Amino acid sequence: MIKARHRATGLAGIIMMAAVSTVTQGLCANPSNADDPLLDLFIQKGFVTQQEAEKVKAEAEAMRTNEPANATFPPSRWKITEGIKHVELFGDVRLRYEDRSAQDPAGNSIDEQRFRYAVRFGLRGEAFDDFYYGLRLETGQSPRSPFITLGTSTTTSSGPYQGPFGKSNDGINIGQVYFGWRPWDWMDVTVGKMPNPLYTTPMVWSGNINPLGAAERFKYAVGPVDFFATFGQFLYADFNPDSASAGLGINSGIGQKTDNIFMFAWQGGLNYHFTTNTSAKVAATLYTYTGRQQSTVNSVGSLSPYFGDPYIGEGAYYYYGGVSPNTAAGVSGYSPGQQFNNLPGYASVSFPFNQVGLNHLMVLEIPFEFNFKISRLDAQVFGDVAYNLDGAQRARDAAAAYTYVLNNTVGAIPRSFPAQTRDVKAYQIGLDLASQGGRGLVYGTTSKKNAWEVRSYWQHTEQYALDPNLPDTDFFNGAANLEGVFVALAYSFTDNFIGTFHYGHASRINSLLGTGGSDTGDIAQINPINDFDIYQIDLTFRF
């Protein structure tokens, strides 16, 4: 009797579990389905009666109706449309200590020591029907850097307000917003403000700049060779109104007629896989611009730098000791036309000369890399070469515009320099060593616990070689006519936290020219820069 009772109790438990399983899986999917083949089998074998089976089924149904829809996981607080196939949260938080200093030819110097931070976070993923998307928010208003200096505040009308613990310079901006379509494996199209689709280096493009417009990418593999091509149509700057009548008083009463500036990029390249661990990648890219216009008929961009005005790039060392040329002429050591660098006590008035002009830019860029193994280490020899095919005329325009400005500015000391028509190239060559899986730590594009990377290169950028508004400002201050060395070491403490140390030193190439394009807001008070140094220590949390 006892054995029979235990047998019946155990059997009832099995029946209950079977009933719960079948009811929750079968009846939940189709509540109108009252038939249960497992319970019918137990009835046929005589294990249970019809009445007992009905009772078990009723108890199981009651359990089902009293439970949440998903008994294993709580209901999701996120509601995502059915059109989204995949979504990913990504970004990073960076804390930085930075010391950058610059010295001019007369020995005057500036040193900036700053504690900074940057935050970038966003969503990206895939939608159905071969579409993808991305949105990223970031700190910093400058397109060339997301970093904010801790403890600073905006200047008020009553004077500078610096705290305590100031944060009025902080803010969130949209860094990326784009859509894409990938109808085939070999083609995709992206529109919006996107991650740079081009294969390039920080010598030409800052990694923080996200171009705006459209890009088409193609790839095709033939044996060990992956061919690729990228075409970009980027909205460089939008000026409005496009046209305005003079009678409206706009632009000092002369009216306005402008065109949007577009940048076009054509890139073709290949990646050759010699073996599993050895490959070589190279590409050629041509950049051109349309829509440039001078700000006014007679302007050379002296006080209002404009993309359409002639690029000059020189520092504004106007005055001899802060006095007019007539007074300076009576001072011992001064002679008309003498180089400002030789004058004792010359004064700088920062950047009245155009540092941003796009005239006569047709840049050919050739980035390259060779990847291989050294024992268990990942190694890479990399570099970049750029040449402005229209650089000689850009140099002539700069020399002529500089002379014109000085001759037509009250209080300026006359000076001119011969057009430096050979200063039209830039190049970079470097070596990267990393532990397995450590490639990309320096730039924060990857992270792996205990991984490390050492990256170093030599860079040489002449005055008229590149678009002055695109190079990385963290190294060499984004200035031209400088050459020097860059070294970085990175270590990943965990799968999320990376520590990085950067160092860079640069010096002036051509002593006849300034260091154009350095009006970046970091050290904008010195041009020409004779020597430049930068130290940075970063702690990055990547997610």
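Residues numbered from 1 in each chain as written. Predicted model: local features only at pLDDT ≥ 70, side-chain atom pairs only at ≥ 80, totals over all residues. Heavy atoms only, no water.

On to the environment of Pro 143, then. Within the secondary structure, Pro 143 is located in the loop between β3 (131-139) and β4 (148-149). Classification of Pro 143 as exposed rests on a relative accessible area of 51%. Sequence spacing of Pro 143 and Asn 208 is 65 residues, and the spatial spacing of their C-alpha atoms is 6.6 Å. The residues contacting Pro 143, other than those within four sequence positions of it, are Asn 208 and Ile 209. (Helix = DSSP H or I, 4+ residues; strand = E, 2+ residues; numbered from the N terminus. Buried < 20%, exposed > 50% of the residue type's maximum accessible area, 1.4 Å probe, protein only. Contact = heavy atoms within 4.5 Å.)

Once that is clear, we can look at the pairing of strand β10 (residues 225-237). Sheet topology note: the strand β9 (residues 212-222)/β10 ladder contains ten bridges and is antiparallel. Paired with Arg 217 across the two strands is Thr 230, which belongs to β10. With twelve bridges joining them, β10 and strand β13 (residues 261-273) adopt antiparallel strand pairing. Within the sheet, the bridge partner assigned to Asp 226 lies in β13 and is Asn 271. (Pairing = 2+ DSSP bridges.)

Further remarks concern the pattern of salt bridges. Where charged atoms from two side chains of opposite charge come close, those side chains can pair. Summed over the entire model, instances satisfying the criterion amount to 18 salt bridges. Its salt-bridge partner being Glu 112, residue Arg 114 comes within 3.8 Å of it at the nearest N-O pair. Of the two residues examined, Arg 114 and Glu 112, each falls in the buried class. Across the pair Asp 188 and Arg 182 runs a salt bridge, and its minimum N-O distance is 4.0 Å. (Salt bridge = Lys/Arg side-chain N within 4 Å of Asp/Glu carboxyl O.)

Considering every residue of the protein, the mean pLDDT works out to 82; 74% of them sit at 70 or more. Scored below 50 in pLDDT, residues 319-350 shows 61 contacts in the model against residues more than four places distant or in partner chains. (pLDDT = per-residue confidence, 0-100.)

On to a nonpolar patch on the surface. Together, Tyr 272, Phe 274, Val 282, Ile 366, Phe 370, Val 381, Val 385, Tyr 427, Ile 429, Leu 431 and Trp 458 line one region of the surface with nonpolar side chains, adding up to about 870 Å² of accessible area. Put simply, the parts of the chain that give the nonpolar patch at least two residues each are β15 (363-374), β16 (377-388) and β17 (425-434). Among the elements that take part in the nonpolar patch, β17 stands out by supplying three residues, more than any other. Along the polypeptide, Phe 370 turns up in strand β15. Since its relative accessible area comes to 33%, Phe 370 is described here as partly exposed. (Patch = residues over 30% accessible without salt bridge, like charges linked within 9 Å, V, L, I, M, F, W, Y side chains within 5 Å. Areas by Shrake-Rupley, 256 points an atom, 1.4 Å probe, with all protein chains shown as cover.)

Both β15 and β16 contribute to a ladder of twelve bridges, which runs antiparallel. Looking at the pairing, Lys 373 lines up with Asp 378 of β16. If you look at the hairpin formed by β15 and β16, you'll find two residues sitting between the two strands, and Ser 375 has a positive phi there, around 60°. Bridge count for β16 against β17 is ten bridges, and the pairing is antiparallel. For Ala 379, the partnering residue across the bridge sits in β17 and is Leu 433.

Here the focus is the nonpolar core. Counting 25 residues, the largest nonpolar core has Trp 205, Tyr 236, Met 263, Tyr 287 and Leu 466 as the members making the most contacts within it. Going through the elements one at a time, β10, β13 and β14 (279-290) are the ones with two or more residues in this core. Here Trp 205 is in contact with Asn 196, Leu 198, Thr 200, Pro 211, Met 263, Tyr 287 and Leu 470, once residues within four sequence places are set aside. Listed in part, the 20 residues of the second largest apolar core include Leu 441, Phe 475, Phe 476 and Ile 526. (Core = buried A, V, L, I, M, F, W, Y, C linked by side-chain atoms within 4.5 Å.)

Moving on, we get to the packing of aromatic side chains. All chains considered together, the criterion is met by 23 aromatic pairs. Summarising the aromatic geometry, the rings of Tyr 236 and Tyr 289 are spaced 5.7 Å apart at their centres and angled 80° between planes, so their arrangement reads as edge-to-face. With Tyr 236 in strand β10 and Tyr 289 in strand β14, this residue pair connects regions lying 53 residues apart in the sequence. An aromatic cluster is defined as three or more aromatic residues linked by ring pairs; in this entry it consists of Trp 184, Trp 186, Phe 218 and Phe 231. (Phe/Tyr/Trp six-rings, centres within 6.5 Å; stacked < 30°, edge-to-face > 60°.)

This part takes up the environment of Met 263. Counting through the fold element by element, Met 263 comes out in strand β13. In sequence terms Met 263 and Tyr 236 are 27 residues apart; their C-alpha atoms lie 5.9 Å from each other.

Cis geometry is found at the peptide bond from Asn 527 to Pro 528, where omega equals 10°. Tracing the chain through its elements places Pro 528 in the loop between β20 (497-508) and β21 (531-542). One non-glycine residue with positive phi stands out, namely Asn 450, at about 70°. Mapped onto the fold, Asn 450 is located in the loop between β17 and β18 (452-461).

Topologically, Thr 201 is positioned in the loop between β8 (187-193) and β9. Engagement of the side chain of Thr 201 in a polar contact is seen with the side chain of Asp 384, the distance being 2.7 Å. (Polar contact = N/O pair within 3.5 Å; in protein donor to acceptor, adjacent residues only side chain to side chain.)

For helix α5 (residues 391-407), built from 17 residues, the straight-helix expectation of 24 Å at 1.5 Å per residue is met to within 8% by its first-to-last C-alpha distance of 25 Å. For α5, every residue scored as buried is listed here: Gly 391, Arg 394, Ala 395, Ala 398, Ala 399, Ala 401, Tyr 402, Val 405 and Leu 406. The elements touched by buried residues of α5 are β16. (Expected span 1.5 Å × (residues − 1).)

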